[in-house]
Number of protein chains: 4
Amino acid sequence: MNDILTIGERDFTSRLFVGTGKFSSNKLMLESILASESQMITVAMKRIDMEHEEDDDMLRHINRDHVQFLPNTSGVRTADEAVLAANLARDCFGTDFIKLEIHPDPKYLLPDPVETLKATEILAKQGFKVLPYIQADPVLCKRLEEVGTAAVMPLGAPIGTNKGLKTRDFLEIIISESRVPVVIDAGLGAPSHAADAMEMGADAVLVNTAIAVAGDPVEMAVAFRLAVEAGRRAYLAGLGTVSDSASATSPLTEFLNL
Amino acid sequence: MNDILTIGERDFTSRLFVGTGKFSSNKLMLESILASESQMITVAMKRIDMEHEEDDDMLRHINRDHVQFLPNTSGVRTADEAVLAANLARDCFGTDFIKLEIHPDPKYLLPDPVETLKATEILAKQGFKVLPYIQADPVLCKRLEEVGTAAVMPLGAPIGTNKGLKTRDFLEIIISESRVPVVIDAGLGAPSHAADAMEMGADAVLVNTAIAVAGDPVEMAVAFRLAVEAGRRAYLAGLGTVSDSASATSPLTEFLNL
Amino acid sequence: MNDILTIGERDFTSRLFVGTGKFSSNKLMLESILASESQMITVAMKRIDMEHEEDDDMLRHINRDHVQFLPNTSGVRTADEAVLAANLARDCFGTDFIKLEIHPDPKYLLPDPVETLKATEILAKQGFKVLPYIQADPVLCKRLEEVGTAAVMPLGAPIGTNKGLKTRDFLEIIISESRVPVVIDAGLGAPSHAADAMEMGADAVLVNTAIAVAGDPVEMAVAFRLAVEAGRRAYLAGLGTVSDSASATSPLTEFLNL
Amino acid sequence: MNDILTIGERDFTSRLFVGTGKFSSNKLMLESILASESQMITVAMKRIDMEHEEDDDMLRHINRDHVQFLPNTSGVRTADEAVLAANLARDCFGTDFIKLEIHPDPKYLLPDPVETLKATEILAKQGFKVLPYIQADPVLCKRLEEVGTAAVMPLGAPIGTNKGLKTRDFLEIIISESRVPVVIDAGLGAPSHAADAMEMGADAVLVNTAIAVAGDPVEMAVAFRLAVEAGRRAYLAGLGTVSDSASATSPLTEFLNL
């Protein structure tokens with residue numbers, strides 16, 4: 001299957017993006033990332049802190065010819081802070097890719113639409129490939145497109161809840177209308193959720209918590225990899241429609257008249 | 001992963017059962033079955049009609065050392081008809097496995113609990129490995145266990161609707177309480193539904209319509225195969241719990257204090 | 001609104017049936033029943049124990065010209081036990097109405113379809129007006145009709161869970177096909193669930209836990225009464241269809257061109 | 001029940017807001033409004049067009065001592081257009097109340113978060129009581145609060161779809177965090193949806209399509225009135241929690257040991 005996703009002029013054959021937070025050890029994180037076969041890995045600034053040798057060492061095992069680092073701005077609360085953080089991240093990671101996360105509220109970690117739009121506009125002008133984390137807001141997606149976003153990352157459910165595609169009705173509109181790739185972010189708690197997103201026609205999904213906190217994160221990373229491939233293949237193969245009437249799969253002419 | 005499902009003393013490494021109805025051609029049906037890597041294939045009596053050479057030829061391509069045929073009794077309306085049909089099927093296919101389907105109503109094709117229990121009891125005594133198609137009725141499952149069923153096959157949604165796990169609350173009880181394998185039958189319209197069923201702890205799923213009517217049935221068969229594996233691995237790896245509160249994946253200490 | 005429900009030759013203007021279990025006091029139970037304006041009240045045999053004066057006293061306040069007592073067989077596990085219990089209840093309460101509950105499993109309290117059908121047949125022949133508590137199993141409903149049930153009482157969700165209409169897809173079939181009244185029983189946790197059931201075309205609903213365990217049971221009884229009336233009126237008035245496309249309610253010709 | 005909702009210094013005893021669009025006749029619209037007992041009626045500028053005597057006449061029947069008109073800005077696409085429209089509406093209707101609707105996309109009619117925030121800030125400074133129609137975006141709600149909104153009106157589902165509370169997870173956060181009244185707008189297709197919103201703790205709901213397109217709009221208006229009251233009473237009375245385990249309502253000690 002020659003099915004390429006292009007974001008910010010870079011090509012991806014994997015449609016599973018993974019995060020690096022919440023793992024119980026760096027070793028487990030690295031093994032899970034490798035097992036996921038992901039080519040887009042979010043990283044927080046804190047995690048590349050140069051003073052901590054161990055962390056740094058862990059990241060060296062990732063082959064950056066094959067894997068794109070996607071630093072995030074987690075922790076910032078305004079567009080100005082986000083722009084500063086993105087520039088620091090560019091220096092630190094040597095990439096123009098930035099996952100823009102602006103969530104002023106520490107309780108629910110939901111994104112700020114206004115500051116996110118503002119920061120996206122500034123960063124796109126500075127040459128960044130911006131992937132903003134947003135509510136599943138179709139109008140906001142169009143506004144982000146207009147200011148040069150590289151993709152949109154609407155959430156499926158509040159971050160860390162594992163609830164799946166609670167924003168389905170709006171994701172469908174976003175996927176139908178978007179001219180940039182749509183990556184479903186946050187809330188995907190099980191491989192079935194990731195398959196579901198791909199079946200709807202999402203371009204990719206980002207998973208972090210569900211892998212990191214699994215009983216066996218490495219196996220769970222494999223499970224998500226398979227599910228994303230399953231969902232993508234199903235989307236391309238063409239799913240049947242949901243129906244309200246039953247339909248027999250076996251001949252119903254009376255059996256004994258055979 | 002050495003993860004064996006045993007039904008009726010036969011071992012299966014694949015947990016995807018597939019049906020042979022509704023395909024647009026026998027060639028496509030055969031290719032889809034092979035692509036699914038299924039080891040349990042439902043067949044209707046009609047489909048093995050000896051007078052039609054082509055059909056027969058198609059079934060010869062299936063290696064029955066690796067694949068179990070599961071004849072169904074589709075079309076019967078009473079326990080007596082089912083017992084007769086099962087015995088004909090045993091002669092015809094040379095197997096004790098029987099998928100028991102008793103649905104008197106031709107509109108919704110829903111199973112009859114009373115006749116199904118009666119037929120299961122008779123057939124189990126006759127040495128059949130009975131896999132009855134039933135409502136997601138936990139008490140009926142226990143009754144079927146008591147009379148010697150080889151597995152239970154509760155439905156996820158009305159057959160042919162592609163709606164997924166509409167009976168979730170009852171499937172959870174059945175899976176938790178059952179001492180025989182639980183195979184989710186009917187209503188699984190997308191790979192994500194199959195993954196979902198496996199994540200819940202189902203032992204296997206049966207898919208027919210969703211593969212047969214897909215735009216590309218062979219690719220869809222692959223998608224279901226991957227999804228079932230994904231769901232099974234996720235179940236074994238241990239999924240996180242669904243939560244009502246958000247939870248950050250990245251450090252939230254203020255970024256700029258770094 | 002002259003909208004009469006007839007069950008067992010008795011007419012009801014209220015479509016809210018209520019139960020008498022789980023209240024923190026008999027006084028609160030009585031007040032809640034009166035506030036609900038229900039005309040069909042389930043009672044357990046235990047609750048009419050003649051040796052306990054207080055209980056007895058409470059039931060005297062109910063005017064049985066306006067209210068039908070519906071004794072239940074809760075606690076029985078087989079058809080035989082149910083038949084015996086029903087006959088005791090008839091003597092005790094002086095009514096042919098019987099709510100048939102046969103649930104052999106003390107954990108989930110789910111009904112046994114086979115024993116329930118058997119007991120319904122016997123009791124109908126003995127002249128009882130049988131209202132059996134069952135799974136939302138459309139085929140079982142038809143079988144119960146055939147043996148003379150007065151109504152069917154499919155569950156919305158496992159009893160006591162307050163989850164609402166989890167069996168919606170099957171309730172819709174039952175309502176569409178039934179020739180006897182359909183009363184949704186179990187799982188209705190909020191007035192919105194009761195309204196939902198009535199909007200679907202259910203003939204009545206039975207509520208117990210949700211009223212009995214409310215912070216203020218009397219107010220909750222009023223809330224359910226209003227919701228049942230709302231749902232019934234909406235059903236009769238004709239609800240719009242659910243749509244996947246947006247539709248403006250206000251003129252969209254550009255405002256400023258006015 | 002002395003339960004007052006205050007918005008923009010005006011008190012309301014009804015928590016059902018209704019719209020005036022889509023009715024098949026003005027007479028039916030007026031009768032439905034009266035039957036709803038609503039005290040907050042949205043009106044589009046077009047509908048008060050002075051050149052059309054009939055329309056004007058219809059609106060004279062509404063007693064504005066008891067009913068607040070809520071003109072909307074439907075049809076505008078930017079904050080500037082909205083501010084102009086609001087000022088025209090103030091002159092025309094003699095009220096500071098304004099329902100702010102800015103939806104640049106004519107297909108899905110979804111609101112623009114950025115322009116809505118901008119317009120709310122300007123209009124609040126001009127003394128308007130602003131009720132903005134928005135996505136169920138908790139962060140946007142807080143930003144609107146900061147600039148002086150009188151209430152927030154998050155949508156339940158895309159307008160005109162009748163799908164109910166598809167944004168439930170986010171509405172719960174909004175209701176929990178908001179310091180201004182929360183009015184659920186758009187998508188409420190049945191009385192049960194309105195009851196559901198009120199049970200969650202919403203302060204009010206706005207219904208238009210579901211009443212206007214009902215088979216009998218006047219009866220449907222009554223149904224919504226009852227459902228809103230039911231949901232509000234249930235919220236105040238204290239609903240039980242949803243549970244995963246069954247719980248008997250009747251004594252389960254074996255019946256026949258009585």
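Residues numbered from 1 in each chain as written. Chains lettered and ligands numbered in written order. Predicted model: local features only at pLDDT ≥ 70, side-chain atom pairs only at ≥ 80, totals over all residues. Heavy atoms only, no water.

(A) Up close: the overall build of chain A. For chain A, the count of helices and strands is 9 helices and 10 strands. Here chain A holds 258 residues, and the buried ones make up 66% of them. Surface accessibility of chain A: about 9,100 Å² in total, with carbon and sulfur atoms responsible for 47%. (Helix = DSSP H or I, 4+ residues; strand = E, 2+ residues; numbered from the N terminus. Buried < 20%, exposed > 50% of the residue type's maximum accessible area, 1.4 Å probe, protein only. Areas by Shrake-Rupley, 256 points an atom, 1.4 Å probe, with all protein chains shown as cover.)

(B) The environment of Lys142(D), seen in detail. All names here are of chain D. Mapped onto the elements of the fold, Lys142 is located in helix α5 (residues 138-146). Sequence separation between Lys142 and Ile174 is 32 residues, and the spatial gap between their C-alpha atoms is 8.7 Å. Once residues lying within four places of it in the same chain are set aside, the contact partners of Lys142 are Glu177, Ser178 and Arg179. (Contact = heavy atoms within 4.5 Å.)

(C) Region of interest: the relation of the copies chain A and chain D. When chain A is fitted onto chain D, the two copies agree to an RMSD of 0.0 Å after a turn of 180 degrees and an axial shift of 0.0 Å. As the rotation angle and translation indicate, the two copies are arranged about a two-fold axis. Distance from the rotation axis, computed per C-alpha, reaches its smallest value in chain A at Val114(A): 2.8 Å. An overlap of 100% is found between the interface residues of chain A and their copies at the interface of chain D, pointing to a shared contact surface. (Least-squares fit on C-alpha atoms with pLDDT ≥ 70 in both.)

(D) The arrangement of the packing of aromatic side chains in detail. This model, assessed by the stated rule, comprises 8 aromatic pairs over all chains. Judged by centre distance (6.0 Å) and plane angle (50 degrees), the ring pair of Phe12(D) and Phe17(D) falls under tilted. Of the two residues, Phe12(D) and Phe17(D), neither departs from the other in class, the shared state being buried. The ring of Phe128(B) carries Arg90(B) above its face, with NZ or CZ at 3.9 Å from the centroid. (Phe/Tyr/Trp six-rings, centres within 6.5 Å; stacked < 30°, edge-to-face > 60°. Lys NZ or Arg CZ within 6 Å of the ring centre and 35° of its normal.)

(E) Main features of the interface of chain A and chain D. With 28 residues of chain A at the interface, the matching set in chain D holds 28 residues. In total, chain A and chain D occlude about 2,300 Å² of area from one another, counting both sides; carbon and sulfur atoms represent 65% of this. Looking at the side of chain A facing chain D, the largest losses of area belong to Val139(A), Asp169(A) and Phe170(A), adding up to 24% of the total buried there. If you look at where chain A meets chain D, you find 8 salt bridges. Salt-bridge contacts for Glu115(D) lead to Arg143(A); the nearest nitrogen and oxygen are separated by 3.7 Å. For the side of chain A that touches chain D, the elements supplying multiple residues, two or more each, are α4 (113-125), α5 (138-146) and α6 (168-177) of chain A. (Buried area = accessible area lost by both parts, 1.4 Å probe. Salt bridge = Lys/Arg side-chain N within 4 Å of Asp/Glu carboxyl O.)

(F) Structural context of the pattern of salt bridges. Residue and element names in this part refer to chain A. Counting across every chain of the model gives 80 salt bridges over all chains. Measuring nitrogen to oxygen at the nearest pair gives 3.2 Å for the salt bridge that ties Glu115 to Lys118. Of this pair, Glu115 and Lys118 both sit in helix α4, separated by 3 residues, roughly a single helical turn. In this structure Lys118 comes out as partly exposed when scored by relative accessible area, which is 41%.

(G) Quick peek at the nonpolar core. If you look at the biggest cluster of nonpolar residues, it comprises 315 residues, and the most contacted ones within it are Val205(A), Val205(B), Val205(C) and Val205(D). Those residues within four positions of Val205(C) in sequence are excluded, and the remaining contacts are Arg15(C), Leu16(C), Phe17(C), Val183(C), Ile184(C), Leu188(C), Ala194(C), Ala197(C), Met198(C) and Val228(C). (Core = buried A, V, L, I, M, F, W, Y, C linked by side-chain atoms within 4.5 Å.)

(H) Expanded view of the side chain of Lys99(B). Within the secondary structure, Lys99(B) sits in strand β6 (residues 97-100). The class for Lys99(B) is buried, based on a relative accessible area of 4%.

(I) Focus on the pairing of β6(B). Residues and elements named next belong to chain B. What you see with β6 is no split at all: Phe97 and Lys99 on one side and Ile98 and Leu100 on the other are buried throughout. Inspection of the sheet shows β6 paired to strand β7 (residues 129-134) by 4 bridges, in the parallel sense. Considered in β7, the bridge of Lys99 is made with Leu131. Handedness of the crossover is the feature at issue here: the chain leaves β6, passes through helix α4 (residues 113-125), returns alongside β7, and the resulting connection is right-handed. (Pairing = 2+ DSSP bridges. Right-handed = clockwise from strand over helix to strand, strands pointing away.)

(J) Fine view of helix α9 (residues 217-237) of chain A. All names here are of chain A. Compared with the 30 Å implied by 1.5 Å per residue over 21 residues, the 30 Å span of α9 between its first and last C-alpha is a close match. Taking burial as the measure, the 21 residues of α9 include 15 buried ones, the bulk of the element. Once α9 ends, the next one or two residues include Gly238, with phi positive near 90 degrees. (Expected span 1.5 Å × (residues − 1).)

(K) Spotlight on helix α1 (residues 26-36) of chain C. Of the residues making up α1(C), those classed as buried are Asn26(C), Met29(C), Leu30(C), Ser32(C), Ile33(C), Ala35(C) and Ser36(C). Just past α1(C), the residue Glu37(C) takes up positive phi, approximately 55 degrees.

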